[in-house]
Amino acid sequence: MLARIVTIAAILVVLVAVPPLLDIGWQNAMTNMLIASLFAVAFNLLIGQAGLLSFGHAAFFGVGAFATLHLMVVIEDGGLAFPTPLLPLAGAAGGFVIGAFAGYFATMRSGVYFALVTLAIAELFHSLAPHWDGLFGGEAGLSSMRMPWGGLVYGSSLEVYYLALGWTVLSVFLLWAYTRTPFGRLTLALRDNEQRVRFMGYNAHSTKVIIFAVSAMFSGVAGALLAISNETANYTLFSTHVSAQVVLHTFVGGSTVFFGPVIGASVFTLFAFFVSDVTRSWLLYQGLIFVLVMLYAPHGIGGLVDAHRRHWSQLRWSELAPAYGLAALSGLALSGATIFLVEAFEILFSPEYDAARRRADGAWPPFELFGLDWQAFGIVTWAVPVLLAAAGLLLLPRARRALRQAWDGVLERTEADRTGSVSPELAGAAER
Amino acid sequence: MNTEPVLRLSGVGKAFGALTVMNEVNLDIAQGERHAVIGPNGAGKSTLFNLISGMFPLSAGDIRLRGKTISGLAPHEINRRGLSRSFQITNIFHRLSVFENLRIGVMARHGVRYGLFRRVSRMRGVNDEARAVLERVRLAEVGDRPAGDLTYSEQRALEIGMTLATGADVILLDEPTAGMSREETDRAVELVREITEGKTLLVVEHDMSVVFSLCDRVSVLVYGNILATGTPEEIRNNRQVQEAYLGEEVA
């Protein structure tokens, strides 16, 4: 518990103290990181705690953004003296109302049908918004400006960052406090066994509607922060891409751990910030990361962190470190090979390279990658990825064996600690 | 003694499409009675429980709980009127702790259904009561473990505890000793006897020794009809019942 408080405090200190030292690009990236984190934690209230997978959370994110922009327009026109820092309340209200309404219908079903209804709701907004000038500003969307309030101008990225930080910390704290309430416990029970909840005297449907509305409300706050940061919003906020992105963030971060979605959202936002400048294939890499995490760490990054935390006293780093080192080497070699191939093929199949070939009368000119020139049909060129992949594949089974052995040991010691003694069977296994 | 039955089934029928699984069942359960429903497989015992607890709607007839009709009500409404059921296949919250499984029931009893603005750990009444139920079903030692990690018989005990925790005083237990060893069965019967003290119990059971030692009255259900109702002794000596169900084992 103490360790957790110290960790959270340290992270908060970094979040408050570091951004003034960064340039504007970084400050904006940090703001986006906060928004994505809040959105993912709000979304995870549904999947992680209530066991409801929504594929249409862009609807509530977008509604929050548009509600806030409408309020900003009114303030800008001088009609209302509303404090700028409280703008996200509009997003919260919009998200809650639309969430309660949409949730009433979506939660009549569960599983796949629930997911499909949420998908349809977001699609409804996505196709309606471009044609509805008054409410969503048509295809161009709505724009406004942050008005100065209370001595603060809200002109700089840094001020916007701090506004987003305040609201994100407050919202995530409230969502965490939610898990400690009787209703929060009921939410978990509902995830485990909806039928039993009904037979214990709870109205499962109205319970789910409230959970849905709360999740939508905080998604609306996240949307509001985006509207404040960008000072504009259009119908693309309702797109499937936005809905899918939050699913991706949540699962890569780990839906079973409360702070997991924060990890996923932060990692992917920063990943996009760095990698999207370097390569056009960054979405492909993001997808690969998602698939790999789902296959080999289904509880996400947060799940891995949590496993180390839970077994902290049973971890033997002398066994774990070599295993992790081996896994890292193998992973580096394999990703090196993958990246080389993806980037090389992207260049070779690009229109620019096509043009270069035509200039060279159909010959295959060398291409530049990682600051070096490579022959299109050179042995060296293709030996690099082949050797990297071979090395990675050679190390992979060894790494997996080492990982399994190291963790078997951890679990064994955990079991022994729990039962108070090592069972003969386990002791035998340890000797072998 | 109050003569009005706590639970009255009159002309209860159920059909799934063209398939009639229950005909005109009439049954009165008196206050404080321990009543067993026995019958061969497929006789409709579980269907009867599903009808009473609101899982399925009735096709015909009426069910009254303390004189008020409960037919057509949703399961949670029936539970709030004081009737709680267990399940034949263990139906618990696997990932929650044993204590929390019971606390969900106690919360319902206190009407804490939408408690969003207080901390559950600060609700002393609820926590104390959940701990008391935990001790009554003899699971105090494993209270912190995830319910899914319990042994089978411990999960059955938890199942009964959850049924009781909502505070209902009409308890329906669906095969509480199914799949248990002799020893476990004896302990489970003792537990059921002890914790349903002062409550009305309706139990589906296959084990005749359990039925005859636990219950005051027995109803025999065969092909969706009540063949006979009476004391265990009367049922044991009823020729029709012997032929239809008990067979040579008891005769």
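Residues numbered from 1 in each chain as written. Chains lettered and ligands numbered in written order. Predicted model: local features only at pLDDT ≥ 70, side-chain atom pairs only at ≥ 80, totals over all residues.

### Some remarks on the overall build of chain A
Looking only at helices and strands, one finds 18 helices and four strands in chain A. Counting the 432 residues in chain A, one finds 38% classified as buried. For chain A, the proportion of contacts with a sequence separation of at least 24, taken over those separated by at least 6, is 78%. (Helix = DSSP H or I, 4+ residues; strand = E, 2+ residues; numbered from the N terminus. Buried ≥ 20, exposed ≤ 12 C-beta atoms within 10 Å, placed from the backbone. Contact = placed C-beta atoms within 7 Å.)

### Observations concerning the overall build of chain B
Counting its secondary structure elements, chain B contains nine helices and 10 strands. Relative to its length of 251 residues, chain B is compact, with a C-alpha radius of gyration of 18 Å against a globular reference of 18 Å. Counting only C-alpha atoms, chain B reaches 60 × 40 × 40 Å along its principal axes. In chain B, buried positions account for 43% of the 251 residues. Counted over contacts in chain B with a minimum sequence separation of 6, partners at least 24 positions apart contribute 65%. (Rg over C-alpha atoms; globule rule 2.2 N^0.38 Å.)

### Remarks on helix H6 (residues 182-195) of chain B
Residues and elements named next belong to chain B. For H6, built from 14 residues, the straight-helix expectation of 20 Å at 1.5 Å per residue is met to within 8% by its first-to-last C-alpha distance of 20 Å. When we look at burial in H6, the residues that qualify are Ala188, Val189 and Val192. Looking straight down H6, one finds its buried side chains confined to an arc of 100°; they lie on one side. Residues of H6 that are exposed and point over 90 degrees away from its buried face: Glu183, Glu190 and Glu194. Contact partners of the buried residues in H6: helix H5 (152-165), strand E7 (170-174) and helix H7 (208-214). (Expected span 1.5 Å × (residues − 1). Arc of directions from axis to C-beta.)

### Concerning the environment of Asp144(B)
Residues and elements named next belong to chain B. By the secondary structure assignment, aspartate 144 is in the loop between helix H4 (124-136) and H5. Sequence separation between aspartate 144 and leucine 96 is 48 residues, and the spatial gap between their C-alpha atoms is 8.9 Å. Not counting residues within four places of it along the chain, the set of residues in contact with aspartate 144 comprises Ser97 and Phe99.

### Thoughts on the interface of chain A and chain B
You'll often see interface size given as the accessible area lost when the parts meet. Taken together, the contact pairs 19 residues of chain A with 29 residues of chain B. Of all the elements in the fold, those that place two or more residues in the side of chain A that touches chain B are helix H8 (182-192) and helix H9 (194-199) of chain A. The element that contributes the greatest number of residues to the side of chain A that touches chain B is H8(A), accounting for seven residues.

### Some details on the nonpolar core
All names here are of chain A. Counting 160 residues, the largest nonpolar core has Leu38, Phe39, Ala59 and Ala222 as its most contacted members. Residue contributions to this core peak at 17 residues, all from helix H10 (residues 204-230). The contacts of alanine 222, once residues within four sequence positions are left out, are Ile35, Leu38, Phe39, Ala42, Phe61 and Gly64. Counting residues in hydrophobic clusters, the runner-up holds seven residues, among them Phe340, Val384, Leu388 and Ala399. (Core = buried A, V, L, I, M, F, W, Y, C linked by C-beta atoms within 7 Å.)

### Examining unusual backbone geometry
All names here are of chain B. In this structure, glutamate 24 takes a positive phi of about 40° despite not being glycine. Within the secondary structure layout, glutamate 24 lies in strand E2 (residues 19-29). Overall, glutamate 24 belongs to the partly exposed group, with 14 C-beta atoms counted inside 10 Å.

### Describing the pairing of strand E9 (residues 217-222) of chain B
For a regular strand, the rule is simple: side chains alternate between the two faces of the sheet. All names here are of chain B. Across four bridges, strand E3 (residues 34-38) lies against E9 in parallel orientation. Across the sheet, the residue bridging to histidine 35 is arginine 217, located in E9. As paired strands, E9 and strand E10 (residues 225-230) are joined by five bridges and run antiparallel to one another. Opposite serine 219, over in E10, you have threonine 229 as the bridge partner. (Pairing = 2+ DSSP bridges.)

### Description of the domain arrangement of chain A
When the domains of chain A are assigned, the result is domain 1 (14-238) and domain 2 (311-431). Summarising the inter-unit geometry, the C-alpha centres of domain 1 of chain A and domain 2 of chain A are found 38 Å apart. (Domains from an automatic or database assignment.)

### As for the confidence of the model for chain A
Overall, the prediction assigns chain A a mean pLDDT of 91, with 97% of residues at 70 or greater. Taken as a whole, residues 421-432 of chain A scores under 50 in pLDDT and shows seven contacts with residues more than four places along the chain or in a different chain. (pLDDT = per-residue confidence, 0-100.)

### Structural notes on the sheet that holds strand E1 (residues 7-16) of chain B
Residue and element names in this part refer to chain B. As summarised here, the arrangement of the four strands in space is E2-E1-E4-E5, forming an open sheet in which the pairing is antiparallel. The open sheet has two edge strands, E2 and strand E5 (68-69), and neither has a second partner. Taken together, the two bridges between strand E4 (residues 60-65) and E5 define a ladder with antiparallel strand orientation. The residue bridging leucine 65 from the neighbouring strand is lysine 68, located in E5. Lying over the sheet, helix H1 (residues 45-52) contacts E1, E2 and E4, oriented at roughly 70° with respect to E2. (Axes fitted to C-alpha atoms, helices over the stretch in contact; angles between N-to-C directions.)

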